[in-house]
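Listed here are the chains, written in short residue letters.
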Amino acid sequence: MGDSRPVYQRIADDLRRRIDEGGLAVGERIPSRSELKRTYAASDQTVDRAVRVLKAAGYAEGQFGRGVFVTDRAPLGSLLRSTGAVDTPFAAQIRGYGPPRPRRGEEEPERPGRPGSRTGEPGRQPPPDGGTARNATLTWEASSTETAAPERIAQRLHIGVGTRVLCTQYEYLANRHPVQLATSWEPLAITEGTDVVLPERGPYARRGVRGRLAAIGIRVVRAQELVGSRPASTPEAEALGCAAGSCVTVIERTHFDGEGRAVETSDIVVRADRWRVEYDIAFTS
């Protein structure tokens, strides 16, 4: 029985198999359009579609004027979701981290701060529990603006649509390489007029949600995390160093006080192909 797959899919599957089996190594150029056309007796459009499928799956990326090359898809490490990370809104510990290797002829990237952003002081994270991960210098940029709560955020915070909230956007770097994006929303009815209204400024900066809110008498007792996945938007892809449409892991994290009131919610975004999300679940009995 003949192969019923469309030709573009067969080309993409064959290239994926060659990459997975090591026939095409990281950094090696994918066969050119003319080479693929001859091999598969395919049209320009069919070959281009196959390469787009390969790029969307994170197997390859284009370099202007040079061609399409195999990307490094090995996991960089895992992010241990933890209650112990109280000095930073990162809310995770990095395990098993090895930064991505620069391509031949490339230098380490420079990542200037965005206008209006505040850069977190670098903090070195040792591997927890005697792990073997190399220490990573974690830095971040943050920018806060007042806005009206959209419907999905209002539902998570149990407030009315359009209620005033403070929205803070974070971009986290480990050894100057992108790791995680996060967007946090806090009801201004809770923090306005206090020393903690701006998460990254003032006397309680860098203390995370629990530490900051404790300073104004609010005890945060639990957090809920919902983990899912979706395609990366174009701005997310640019910040994380992947192709638009690549799969990202999204964590919806919401903090609650002792009365069950939602006091903060955030969307946390990481590349699904480079970072694993890890949870250490302790049993109490």
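Residues numbered from 1 in each chain as written. Predicted model: local features only at pLDDT ≥ 70, side-chain atom pairs only at ≥ 80, totals over all residues. Heavy atoms only, no water.

> Which residues make up the overall build of the protein, and what values do they have?
When helices and strands are counted, the protein shows seven helices and 13 strands. Counting every position in the protein, which comprises 285 residues, the buried fraction comes to 41%. Within the protein, residue pairs in contact and separated by at least 24 positions form 58% of the contacts whose partners lie at least 6 positions apart. Accessible area for the protein stands at about 15500 Å²; split by element, carbon and sulfur atoms hold 49% of it. (Helix = DSSP H or I, 4+ residues; strand = E, 2+ residues; numbered from the N terminus. Buried < 20%, exposed > 50% of the residue type's maximum accessible area, 1.4 Å probe, protein only. Contact = heavy atoms within 4.5 Å. Areas by Shrake-Rupley, 256 points an atom, 1.4 Å probe, with all protein chains shown as cover.)

> Break down the pattern of salt bridges for me, citing the residues and quoting the values.
Working definition: two side chains of opposite charge can pair if their charged atoms are close together. Evaluation of the coordinates by the stated rule reveals 16 salt bridges. Note that Glu35 is salt-bridged to Arg29, the shortest N-O span being 4.0 Å. On the basis of relative accessible area, Glu35 is assigned to the partly exposed category, the value being 30%. Given a relative accessible area of 38%, Arg29 falls into the partly exposed group. Residue Asp273 is joined to Arg271 by a salt bridge in which the shortest nitrogen-to-oxygen separation is 2.9 Å. (Salt bridge = Lys/Arg side-chain N within 4 Å of Asp/Glu carboxyl O.)

> Outline a nonpolar patch on the surface, supporting the account with residue identities and numerical values.
Among the surface-exposed residues, Val227, Tyr279, Ile281 and Phe283 lie close enough to one another that they form a single nonpolar patch of about 490 Å² accessible area. Checked against the element boundaries, Val227 lands in strand 10 (residues 220–231). (Patch = residues over 30% accessible without salt bridge, like charges linked within 9 Å, V, L, I, M, F, W, Y side chains within 5 Å.)

Remember that the coordinates give geometry; whether it matters functionally is a separate question.
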